[in-house]
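Below, each chain spelled out in residue letters.
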Amino acid sequence: MHERGIQMRIVAVAAALFLALAGLGARLAFLHLANHSKVTREYKCKLLGLRGRIFDCNGDRFPMAVSLPARQFFLDPKAVKKEHDKRQIARTVAEGLGLAESEVLAKFDQEDSRYIKLGVSLNDKVFDMLSDPKHISGVGFEDQVCRSYPQGRRMAHVLGFVNDMGVGGAGIEQQFNRYLTGTPGLIESEVDAGRREIWSRRKVYVPAIAGSDLYLTLDHNIQYEVELALKEVVEKFEANGGWAIVQRIKTGEILAMASYPDFEPEHYTLETLDVWRNSALAIVYEPGSIMKAVTVAAALNERIVTPDTLIDAGEGCWTYAGKPLRDHVTGHISVSTALKKSSNIVCAKIGLMLGSKRMEAYLRAFNFGEKLGIELPGEERGILARAKDWDKLKPTRVPIGQGVAVTGLQMISAYSTLANNGVMMKPHIVSRIVSPSGETIFEAKPEIVGRPVRPDVARAVRDMLVGVTEEGGTGKRASVPGYSIGGKTGTAQKAVPGGYSQTDYYASFVGFVPASEPVFSVLVSVERPRPQHTGGFVSAPAFAKIAAATARYLEIPPDLPLEDEEQVANHP
Amino acid sequence: MRRNHKRQVRAKVLPPSVAGIMVLSVSMVLCYWFMDSKCGQLGQEIRKHEQKFSALENERVREEARWNEKKTPEKLEQALLQHGVAMAYPTAEQVVRMDAATGSPAPGQLSVVRFQRNRNAGERVAKTGQK
C-alpha cells in the first residue's frame, strides 16, 4: 500500500510536470508561430529631421533662426495610477513647465480626453523629472522640433514664423519652406521584454536629414540700428506704424528691412495678421513728393528739360482741369531748385510736358505697378493705371506722387537706380542656400532688371538730390556730418474713400549715401505721424540716424571735409 | 609487479571522426552562443552610445542657441551698461584713416588730428586760466 501511494505521487508529479511543459510549449508555439510576437516586439521610431537654420550675411556666427529638439508633454488623466497623488503630479508638472498648478490640476478633470497638451520643454532635467515612474504617471511626451529665434523680434517680418505643424507661415520661413524642411529618419527594429530596442534585430535605419541652411543678405547689426530708429520715430510721433529698408546699390542686396509694430516669431499668435504683414513690401501707398525725382529723371531723359530750365511756379496756386494745386514755392525756378524745394506746380508742369503715355512708360520702366520679385511672400505690385484710362487731371498729379500707389521696396529701388547710374538691380534677400552636406544649392548673383534712364541723366538727378539735404532744402534734417547725402522728402495725404484725409499722412524720406559715390540707399516711411507730419520733420532724422550708423558700420570713408579739415585747409 | 588482467575491460570507444565532429559541433555552438551574446552586448552598448550622442548633440544645439541669445546687439549693450562701460563709436575727427597702398595716414588726416589736439590743449589752458 505504501509503495502504491509513492507510485501514485510519482505519476501525479510527472503528469503535473508534463502539463506545465505542455502549457509552456503551447505558449512558445503561440508566440513564435502565431505571428503574435512580431506585433508586440515591433519597434518603430521616427527620427526628427531638424529644420534648416537661417543666418544673416555674417555667416554661421549669427543664426537668426534655429531648430531645437524639444519634448511636447501631454496628460492622459485615465493613465494616472491610484497610488499617485494628482496634486503632487500637478505641482511637479507646473514647476517643470512653468505653468500654474491650478491650471494643470484642472486638466485632470477632463477625463473625456486622453491627450491634453501640457507644454513644451527643451530641458532634459524636466524630462527626467516628469518621467519618474515612482511619483509620476499619466504624463507622456513626444519628441518635437521647436523653432527658436535667438535674436527675438529682430528681422521678424523678414524671417516670418513656423506654425504648430512645422510649416513656415510667413516670410522666409514660408517662401523657402521646402528647402528648410528636414527629412525625418526611421528606425525599425524589435524590443526586448523591457521594451528596449534590440540593436542586433534592427532592420531599418534611415538617418534623419536636416533642412538646408539659408544665408540672408541682411546684416543683423544694421537691422538693429534700423529697428531702433524706426521704433523711436513711430513712438515719438505716435504713428500707426512705419517701415524702413536699406539696400546696397551696386548689387541690389537688401541690408535691412524692418516694419513696426513688430512681433516675436516664437509667439506669433499673440499678434494679429496686420502686425505679421511686412509693410515694406505689402503696404501700397501714395508716395507723394518722393516720386518727383522719377518725374524729373524722365523729363531729363526725354531732353524736355535740363536742370537749369526755368519753369514758372506761379503765385503758389495753379488751377488745372478745374482743380487747384497749391505750392509753397513761387515765381520762376529751375528744375534743380524745384526738386530741392519740392515744388508741386513745377513738377506737375513737367509731367504735363512729358504727357501721360511717356509718364506711364517711365514709371513702368522703374518697375512701378509690377512686382520686383523679391524672395518674400506678400509683395504687392502697387497701383498704376494705364495712361489711356487717366483723366485730364492725372498727368499733373501722378508726377507729384498722387494717383499712383507704390510699395516701399519699389520706391527704394527707383532711388537706388538713380544712384547706380540708371542701372536697376533686382532686390534680393537670400544670398545662398547650403545643403546639410555643405553643398551650395543656390547662390544669388546681382541681376540687372533694366536701365530706365541714361547714366548722365541719373548722375544729374543724383546731383540735384544732394541739394535737398543742404541748406534751404526740405530734407536738411537728413544730413550726416562728413557725408554727402542725396535724397528726397515726401509727405502724402492718406487716400480714404472718396478722396484724401486731411489729418492722416505718410511721411517719407528716401536717399543714398555717400552721394558722390553711392554705396547704399535708405527709405523711411511713417504712417500717420502726429502732430508733425512732414517727411522732412518726421522721417529725415530717422534716415540720418540709419545712414550714419550704416556708413560707420560699412566703413565708408567720409566724402565731405570735416569742419576741422576745412579749418586746417584755411589755416595760413 | 603483478597485473590484474581480469579487471581489464575493453570498452567500445567512439570513432575519432565522430568524436571530432561532436567536439567541433559543440565548440561551434559554444562559439556561436558566445558571439551572439557578445553581439547582443555590443548592440546594447551601441544603442546606449547612440542615445548619448543624440542627447549630447541636442544639448550642444540648445547651448549654442542660449549663447546666441546672449550675443545680440541689445544684450551686449545691456551687459556693457551693467558693468558701467559706456561705449560709443568714435566721432569722425577721432578716426585717422590709413592709406592701404602706402601704409601711412591718408592725406590731410594727421593735420586734422594735430589741429584737433592743439585746439583741445588750447581749450584746457583757457579753462585752467579761468580758474
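Everything below is about the structure printed above this text.
Below is a summary of the structure that appears in this document. (Residues numbered from 1 in each chain as written. Chains lettered and ligands numbered in written order. Predicted model: local features only at pLDDT ≥ 70, side-chain atom pairs only at ≥ 80, totals over all residues.)

**Describing the nonpolar core**
Residues and elements named next belong to chain A. The condition that has to hold: For this entry, the nonpolar core is defined as buried Ala, Val, Leu, Ile, Met, Phe, Trp, Tyr and Cys residues connected by C-beta atoms within 7 Å. Backbone-placed C-beta atoms define the burial measure: a residue is buried with 20 or more other C-beta atoms within 10 Å of its own, exposed with 12 or fewer, and partly exposed in between. For each domain, the first and last residues come from an automatic or database assignment. Any pair of residues counts as being in contact when their C-beta atoms, constructed from backbone geometry, are within 7 Å of one another.
Counting 126 residues, the largest nonpolar core has Ala297, Val461 and Ile546 as its most contacted members. Two domains each put at least three residues into this core: domain 1 (45–75 + 139–216) and domain 2 (220–567). Sequence-distant contacts of Ala297, that is, excluding residues within four places in its chain, are made with Leu418, Val453, Val457, Ala458 and Val461. With 10 residues, the next largest nonpolar core counts Phe73, Ile89, Ala90 and Val104 among its residues.

**Examining the sheet that holds strand β23 (residues 499–513) of chain A**
All names here are of chain A. Heads up, the rule is: Note: two strands are recorded as paired if DSSP finds a minimum of 2 bridges between them. Only DSSP runs of H or I reaching four residues or more are called helices, and only runs of E reaching two or more are called strands; each is numbered from the N terminus. For helices, the fitted axis covers only the stretch in contact; all axes are lines through C-alpha atoms, and the angles between them, taken along N-to-C directions, range from 0 to 180 degrees.
Spatially, the five strands line up as an open sheet ordered β13-β12-β24-β23-β22, and their pairing is antiparallel. Since the sheet does not close on itself, it has two edges, and those belong to β13 (254–260) and β22 (486–496), each with one partner. Here the strands of the sheet are splayed against their neighbours by 10 degrees on average, with no regard to which way each runs. As defined by bridge partners, β22 adjoins β23 across 10 bridges and the pair is classed as antiparallel. By the bridge assignment, Gly487 is partnered in β23 with Gly511. The strands that helix α17 (residues 408–419) touches are β12 (241–248), β22, β23 and β24 (520–527); relative to β24, the one it contacts most, it runs at about 150 degrees.

**Brief notes about the pairing of β13 of chain A**
All names here are of chain A. The element β13 is extensively covered by neighbouring structure, given that seven of its seven residues are classed as buried. With six bridges joining them, β12 and β13 adopt antiparallel strand pairing. By the bridge assignment, Trp243 is partnered in β13 with Ser259. Counted between consecutive antiparallel strands, the loop separating β12 from β13 contains five residues, among which Gly252 sits at a positive phi close to 85 degrees.

**A few points about the packing of helix α12 (residues 292–301) of chain A against helix α18 (residues 455–468) of chain A**
Residues and elements named next belong to chain A. Note the cut-off: Under this scheme an angle from 65 to 115 degrees is roughly perpendicular, one under 35 degrees roughly parallel, and one over 145 degrees roughly antiparallel; angles in between are oblique. Left-handed describes a crossing whose near helix is turned anticlockwise from the far helix by less than a right angle; the clockwise case is right-handed. Each residue gets one label: Ala, Val, Leu, Ile, Met, Phe, Trp, Tyr, Cys and Pro are nonpolar, Asp, Glu, Lys and Arg are charged, and the others, such as Gly, are polar.
One way to put it is that α12 packs onto α18 with a least axis distance of 9 Å and a crossing angle of 140 degrees. When the axes of α12 and α18 are compared, the pair comes out oblique. Viewed along their axes, α12 and α18 form a crossing whose handedness is right-handed. Across from Ala293, Val296, Ala297, Leu300 and Asn301 in α12, the residues of α18 making contact are Val457, Ala458, Ala460, Val461, Met464 and Leu465. In terms of residue class, the contact of α12 with α18 is built from 10 nonpolar, one polar and no charged.

**Some points on helix α3 (residues 86–97) of chain A**
A turn of α-helix holds 3.6 residues, and therefore any two residues three or four places apart point the same way. Residues and elements named next belong to chain A. For clarity, the cut-off: To estimate how far a helix should extend, the number of its residues minus one is multiplied by 1.5 Å. To obtain the arc, one takes the directions from the helix axis to the C-beta atoms.
With 12 residues, α3 extends 16 Å between its outermost C-alpha atoms, agreeing within 8% with the 16 Å of an ideal straight helix rising 1.5 Å per residue. Among all positions in α3, only Ile89, Ala90, Val93 and Gly96 are buried. The arc that holds every buried residue of α3, seen down its axis, measures 135 degrees, which confines them to one face. Seen from the buried face of α3, the exposed residues on the opposite side, beyond 90 degrees, are Arg87 and Gln88. Contacts from the buried residues of α3 go to α4 (101–107), β4 (116–121), α5 (124–130) and β5 (139–148). Residue Gly98 follows α3 closely and has a positive phi angle near 70 degrees.

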